[in-house]
Each structure stands twice: as C-alpha cells, then as structure tokens.
Amino acid sequence: MMTSDSEEEVLFNLSNGKQYIALQDLTKSRKSQIEQPRDASTLSVFANLFKCYTGAGILGLPFAFRYSGVAAGIICLIFVSFMCTFSMVCLVRCKNALSQHSSCHSNLSYSDVVLILLGRRFSIILDITVIAFQFGAVIIYFVFVSENITPYFTKLSDVEARWCWMLFISPVYIGLSWLRSLKYIGVISFIAEVSIIAGLVASSTIGIIQMSRDVIPGLAFQVEISPPWKTLALMFGMAAFAFEGAGVVIPTESSMKKPQNFNKVLVFVLVCATVMYICFGVLMYCAFGDETGKSTGQITENIAQFADHMPNKTFWHFIQLLIRFSLVLGIGLSVSVQLIVVIDIFEKVSGLPCHIC
C-alpha cells in the first residue's frame, strides 16, 4: 500500500539535520548495490508470512491458557494480534513513504527506516534486538526438534541425545540459512506449513476424542474461565512469541511482485493465525485441563499420554510418531525464513551486497 503525499510530507517534517545526513549516507551506500528484483508471487509471500506466524509458539499456547484462563487468554491473544497487525501495516507504509523520497532503492530494511528517522544509534539498537529475537526463535526450534526426537533413542541419556541431535541438524540449518531468495524459500515454507497444519489437525482430532470419550480419566473440562491475574504475563509472553514473524515483514514486502497487495495479504495472514491460535489453544486446554503441558510445556507430551491410554496402543503410538515428525519437519524448515533478516544485517555491517530477493 503506497502512502499519500500528505503522509509522506508528515514523515519528512519529522526529520532533522541528522536524519537528512543519515539519508544521504544511506543513499551513497546503496548506489553501489543492484536493486533486488520483485519476483515473489502473492502465493509465495502468503506462504512465507503464514509460516512465520505459525511456528513453535502455537504449540505452547494450550499451556499458556492453563495459566491465563480461557477468557483472559482469548482477550490477550486478540490484543497482541491487533497491535502486531497495526504496527506492521504502519511500518510498511512508513517504509514506502521513505523510499519515494530517497534516491536509494525501494527495498529498505528495518534498520534503514530507523536510520533515516531516528539516527544511527537507534538503528544499531534495532539491529541488536532483531538479531537477538530471530536467533532466539531459531534456538527454540533447535530445542523443540531435539526434545521431540530424543524419546526415540533410549540408548543415550536425555542430555546426550539432545546434543547429538543438535549437532546432527546444525549442518541442515546452516544449509537452509544460505537460501537467499524469498521466491524459492516460499516453496520450503509451503511444505513446512502443510506439515505443521497436518500435525495441528491430527493433534486437534486427538483433543476432540479426549473431550468426547474422556480417554485419560479426570482431565476433560477442568477449565478455569476467570483469569488468574498473577500468571497472565505468561500468556502475554507466549502470545508475543507466537506472532514471531515481524522480522520478515519488510524483506517479504520488498520481494513481492505486486506490493500493492501486501497489506491485504498481511492482514489476512494475521487474522487466520489469530483464529487458529485461539481454536487450537482453547481446544487442547479444554481436552487436557490442568495436565496440559505439565512437564515440558508442550502439547506433544499430552498426546503421548493419550496414546498410552488407548486400547490399540501400537496404532496410536504410530499416530503420535507421525504427529511429532510432521511438527518437527514443519518447524525445522522454518529456519531459512527466520535467519534471512539476520544474515541481511551481517551483510550490511560487513559491507557485502544484500542478496535477499
């Protein structure tokens, strides 16, 4: 979405002499770079955004509902979703307005926008926070993958098995991080999204069976509706982490073939993600009650308990294995999207040309 002339004028009336100098420096640094093509289709952009907003955070939401209560948890999720959507739309509009007034390329980054408006100091602070957040998300992916693979290797201790798997998957993650085209990352994101949705659908089916049949006795519908205010902060933190795709919004918009449709795609993705978060979190919490993610905070442990209580244990343990594999595959393939912003920052600091396209 492009901004009007009045909006652009307001943006640049906020700039002082330091920001003008920063804009001139940015323009000089970008003149030597080749402008990146906008060749990502709308479907590819949708896949990248949707994947970023449906990562490992959704699997911890049932556990968060256990501490927040249903009503307060839903309100908290809707509030965080609204703030995230509003801020991302404003950021894209601001970036487009700045791009029109600068002679540098139209695909400005987060730090470029902050550099122009607030100066180099705040730009550096932003880069540090973005790197910390994106790396933190990848670390959680590492932990989730190792935690869900470790139980199937009983010859090693838990710690040894986790470290072995982390070392094993590290080369895969490094290889994925070298993918620099959002056009092709969209294909990987689509595969990852299908895997995660399949795992979530299967998990939700198990939750429905637990609620209807009370497979694990004494768990179903032990739910608090009122909010325990002392623990509501856990839900707020988990909700903020669930909307973890903020770091890739600007690079994704810069790669889109039809950028005028980006805000519509972004809002649609966030609405779908919010509905999915609420439905999955409430359903699984209602199914497993106060035992939801009691040991690890992950709903996968409750699925294992469900399989142990079913008459045909072999079949349900196989289903549990498929669910774990589906979730591990989907979350593992998300690394390339999460690290693309970090690598962009390192390339900028080192003086190398940006390769995101």
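Residues numbered from 1 in each chain as written. Predicted model: local features only at pLDDT ≥ 70, side-chain atom pairs only at ≥ 80, totals over all residues. Heavy atoms only, no water.

### Points about the overall build of the chain
Short version of the rule: Only DSSP runs of H or I with at least four residues qualify as helices, and only runs of E with at least two residues qualify as strands; both kinds are numbered from the N terminus onward. Each residue is assigned to one of three classes by its accessible area relative to the maximum for its type, calculated with a 1.4 Å probe on protein chains only: buried under 20%, partly exposed between the two thresholds, exposed over 50%. Any pair of residues with heavy atoms lying within 4.5 Å of one another is described as a contacting pair. Reported accessibility uses the Shrake-Rupley method at a 1.4 Å probe radius. Residues are deemed covered only where the shown protein chains occlude them.
Scanning the chain from N- to C-terminus turns up 15 helices and zero strands. By the burial criterion, 54% of the 357 residues in the chain qualify as buried. Pairs at least 24 apart in sequence give 82% of the contacts found in the chain among residues at least 6 apart. Looking at the chain as shown, the accessible area adds up to about 16500 Å², and 71% of this sits on carbon and sulfur atoms.

### Considering the packing of helix α4 (residues 61-68) against helix α12 (residues 262-288)
Filter applied, for reference: Only the contacting stretch of a helix is used when fitting its axis, a line to C-alpha atoms as for every element, and angles between N-to-C directions run 0 to 180 degrees. The scheme is simple: roughly parallel for angles under 35 degrees, roughly antiparallel for over 145, roughly perpendicular for 65 to 115, oblique for anything else. Should the near helix be turned counterclockwise from the far one by less than a right angle, the crossing is left-handed, whereas a clockwise turn marks it as right-handed. Classification convention: Asp, Glu, Lys, Arg as charged; Ala, Val, Leu, Ile, Met, Phe, Trp, Tyr, Cys, Pro as nonpolar; all other residues, Gly among them, as polar.
Between α4 and α12, the least distance of the axes is 8 Å, while the angle of their chain directions is 70 degrees. With respect to their mutual orientation, α4 and α12 come out roughly perpendicular. Crossing geometry of α4 relative to α12 is assigned as right-handed. Contact with α4, carried on its side by Leu-61, Pro-62, Phe-65 and Arg-66, involves Tyr-277, Phe-280, Gly-281, Val-282, Met-284 and Tyr-285 of α12 and no other residues of that element. In terms of residue class, the contact of α4 with α12 is made up of eight nonpolar, one polar and one charged.

### Description of helix α14 (residues 313-332)
Since one α-helical turn is 3.6 residues long, residues separated by three or four positions face the same way. What counts here: Expected span of a helix, by definition, is 1.5 Å for each gap between consecutive residues, and there is one gap fewer than residues.
For α14, spanning 20 residues, the distance from its first C-alpha to its last is 28 Å, which sits close to the expected 28 Å at 1.5 Å a residue. Within α14, burial applies to Trp-316, Ile-319, Gln-320, Ile-323, Arg-324, Ser-326, Leu-327, Val-328, Gly-330, Ile-331 and Gly-332.

### Description of the packing of aromatic side chains
Test applied: Under the pairing criterion, centres of Phe, Tyr and Trp rings, with the six-membered ring standing for Trp, must be within 6.5 Å; the plane angle then separates stacked pairs below 30 degrees from edge-to-face pairs above 60, leaving the rest tilted.
Counted under the stated rule, the structure contains seven aromatic pairs. Each ring, one from Phe-46 and one from Phe-50, has its centre 5.5 Å from the other, and the planes form 10 degrees; the classification is stacked. Here Phe-50 and Phe-46 lie together in helix α3 (residues 42-52), a separation of four residues that amounts to about one turn. With a centroid separation of 6.0 Å and an interplanar angle of 35 degrees, the aromatic rings of Phe-46 and Phe-268 are classed as tilted. Note that Phe-46 is positioned in helix α3 and Phe-268 in helix α12, a separation of 222 residues in sequence. The exposure class assigned to Phe-268 is partly exposed, which follows from its relative accessible area of 48%. An aromatic cluster of three or more residues is present, and its members are Phe-46, Phe-50 and Phe-268.

### So, the environment of Leu-61
On the secondary structure map, Leu-61 appears in helix α4. For Leu-61, a relative accessible area of 0% translates into the label buried. Taking the C-alpha atoms as reference points, Leu-61 and Ala-242, separated by 181 residues in sequence, lie 8.1 Å from one another. Contacts of Leu-61, omitting those with residues within four sequence positions, involve Leu-77, Met-235, Met-238, Ala-239, Tyr-277 and Gly-281.

### Points about the packing of helix α13 (residues 300-309) against α14
Here α13 crosses α14 at 165 degrees, and the two axes come no closer than 8 Å. Here α13 is positioned roughly antiparallel relative to α14, judged by the angle of their axes. Regarding α13 and α14, the two cross each other, and that crossing is right-handed. Contacts between α13 and α14 involve Thr-300, Ile-303, Ala-304, Phe-306, Ala-307 and Asp-308 from the first element and Lys-313, Trp-316, His-317, Gln-320, Ile-323, Arg-324 and Leu-327 from the second. Grouping the amino acids of the contact of α13 with α14 by side-chain chemistry returns seven nonpolar, three polar and three charged.

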